[in-house]
Amino acid sequence: MELFNLKDPTEVVSFSQAVKQGLGRNQGLFFPKSIPQLEDIDALLALPFQQRSVKILNALIGDELGEETVAQLVNNAFQFTAPLAHVADNVYSLELFHGPTLAFKDFGARFLAQCLSHLTAQGQPITILTATSGDTGAAVAHAFHGLPNINVVILYPKGMVSPLQEKQFSTLGGNIFTAEVDGAFDDCQALVKHAFDDQDIREKLHLNSANSINIARLLAQVCYYFEALAQLPKDQQNKAVISVPSGNFGNLAAAMIAKTMGLPIKRFVASTNVNDTVPRYLLSGLWEPKKTIATMSNAMDISSPNNWPRIEAMIEQGLVDKSLLTAESVDEDYTHMGVRQLNDLGYQSEPHAAVAYKALKRTLADDEIGIFLGTAHPAKFKETVENILGVPVALPKALADVANKDILSDAINADFATLKEYMFTKLG
Ligand SMILES: *Cc1c(COP(=O)(O)O)cnc(C)c1O
């Protein structure tokens, strides 16, 4: 597989390089030079999820790793299902929250962890350093926990992460080191940036970021769109409209790659909360990010989506027709309404899925099949959902278990010298 840098097309790298590097020169995103077309989609859709995912990822990554290795990585990464729940008439929810941290980020984070572990198996131990305000930390910690040759350091702002979220990433131990920083999320991010600029840390600890722009994450996410259509009756598969609750737009980019590979998705709805840079851009042609507004679908509180250049590239290259993409912004009142309406239909949901549901309903025709993505388990947004519905939300076993575990974090000040000392003490 060859990938090029969207900001500097002369930089061409292999899949392995792109995974290890994350970003290219000038912070450019890597994108495949060509996207393979899959043959006999019907036969592919008839396969079980893991087996089909091996074929999809093997077609994308190609000879570089070999089918046997790809199979091993997929089998280690995808150990949970993505069921399509029937919600009402022609509306379904693709439930992507059955992984260990109950959110769709488990798919991408676990596949990336497997790739990095494979690619560094013979070399020096690497260090993943990341800042989190909640969810990413949990997905990354669980994805890398117990993998040989990789250490993970997670920084998070003291007192600003919900207690349950904190327990999800700080109770694992082993190769997962968590530090509670006396500062805000921005301070944590600044510390991470500083560490990547520090030659000592970069070279001695073999720093890597594992962040959401890594191509391995995106490719992993392609697989569950095939799984969605595979669960529809055959005569409905080419009528599917997919509504993606979007923040950084990685998930939508993966959906478009799936279509380019031959999956007969009819069209896409990009659903955002009031942070609506993309819906406004599609109407006006002007890219005008505003100040980010806090909402209850907080994983989508992003006004400069970092995966957008990949979507733009696919449209520009003619891989996906622009007319197949509509974008809808859903405000807090409608999100609230969405959670309630879904509950009335017998489907307990959470704010991100509710945004996607409301956006879908605005555009869905009677002869289409609508699929919105359930990107998180309702229990991850327990307080919000309980406030809206006035009923208790049950904790699934994975979350209930973690509530009784001890937090293993260290406390550090928000200054770089402290972080550096901490990292060398723990990992040096
Ligand atoms: C990250 C996240 C999103 C947004 O996904 P992008 O790929 O960044 O667009 C939506 N819902 C939940 C629950 C998330 O955690």
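Residues numbered from 1 in each chain as written. Predicted model: local features only at pLDDT ≥ 70, side-chain atom pairs only at ≥ 80, totals over all residues. Heavy atoms only, no water.

As annotated in an unreviewed UniProt entry, the chain carries the name Threonine synthase and is attributed to Catenovulum sediminis. Under the heading Catalytic activity (unreviewed entry), UniProt records this for the chain: "O-phospho-L-homoserine + H2O = L-threonine + phosphate". If you open the UniProt record of the chain and go to Sequence similarities (unreviewed entry), you find "Belongs to the threonine synthase family." (UniProt positions renumbered as here; feature names shortened; annotations may be inferred.)

S.K.: Can you walk me through the environment of Ala 313 in this structure?
M.R.: Relative to the helices and strands, Ala 313 is located in helix H13 (residues 308-316). Judged by relative accessible area, Ala 313 falls into the buried class, the value being 8%. Distance from Ala 313 to Leu 6, taken between C-alpha atoms, is 7.9 Å for residues 307 residues apart in sequence. (Helix = DSSP H or I, 4+ residues; strand = E, 2+ residues; numbered from the N terminus. Buried < 20%, exposed > 50% of the residue type's maximum accessible area, 1.4 Å probe, protein only.)

S.K.: Can you help me understand the packing of helix H10 (residues 215-230) against helix H11 (residues 250-260) in this one?
M.R.: Pairs of packed helices are described in terms of their axes, by the angle between the two and the distance that separates them. Their axes nearest at 8 Å, the elements H10 and H11 cross at an angle of 65 degrees. Crossing geometry of H10 relative to H11 is assigned as right-handed. Contacts between H10 and H11 pair Leu 218, Gln 221, Val 222, Tyr 224, Tyr 225 and Phe 226 from the former with Gly 250, Asn 251, Leu 252, Ala 253, Ala 254, Ala 255, Ile 257 and Ala 258 from the latter. (Axes fitted to C-alpha atoms, helices over the stretch in contact; angles between N-to-C directions. Left-handed = near helix turned anticlockwise from the far one by under 90°. Contact = heavy atoms within 4.5 Å.)

S.K.: Even after reading the chapter, I still don't get the site of the ligand, so can you show me in this structure?
M.R.: The full set close to the ligand counts 15 residues, and Lys 105, Gly 247, Asn 248, Phe 249 and Thr 375 are the nearest of them. With respect to the ligand, the backbone of Gly 247 contributes an N or O atom lying 2.8 Å from an oxygen atom. The contact in question runs from an oxygen atom of the ligand to an N or O atom on the backbone of Asn 251, over 3.0 Å. The protein chains hide 96% of the 380 Å² of surface that the ligand would expose on its own. Its residues assigned to classes, the shell around the ligand shows six nonpolar, seven polar and two charged. (Near = heavy atom within 4 Å. Polar contact = N/O pair within 3.5 Å; in protein donor to acceptor, adjacent residues only side chain to side chain. Areas by Shrake-Rupley, 256 points an atom, 1.4 Å probe, with all protein chains shown as cover. Nonpolar A, V, L, I, M, F, W, Y, C, P; charged D, E, K, R; others polar.)

S.K.: I'm lost on the UniProt feature "domain: Threonine synthase N-terminal" (unreviewed entry) in the chain in this one. Help?
M.R.: Residues annotated in UniProt with the feature "domain: Threonine synthase N-terminal" (unreviewed entry) correspond here to residues 10-78. Here residues 10-78 is 52% helix and 12% strand, with 34 Å between the C-alpha atoms at its ends.

S.K.: Before we go on, may I ask you to explain the packing of helix H5 (residues 105-119) against helix H6 (residues 135-144) in this structure?
M.R.: Axis separation between H5 and H6 bottoms out at 8 Å; the angle between their running directions is 40 degrees. Our classification of the angle between H5 and H6 gives oblique. For H5 against H6, the interelement crossing comes out right-handed. Residue-level contacts link Lys 105, Asp 106, Ala 109, Arg 110, Ala 113 and Leu 116 of H5 to Ala 139, Val 140, His 142, Ala 143 and Phe 144 of H6. When grouped by side-chain class, the residues that make up the contact of H5 with H6 number seven nonpolar, one polar and three charged. (Parallel < 35°, antiparallel > 145°, perpendicular 65-115°, else oblique.)

S.K.: Before we go on, may I ask you to explain the side chain of Glu 328 in this structure?
M.R.: With respect to the element layout, Glu 328 can be found in strand S12 (residues 325-329). Within the structure, the side chain of Glu 328 is placed 2.8 Å from the side chain of Arg 362, a separation counted as a polar contact. If sequence neighbours within four positions are ignored, Glu 328 has contacts with Val 269, Ala 270, Ser 271, Thr 272, Pro 279, Ala 359, Arg 362 and Thr 363.

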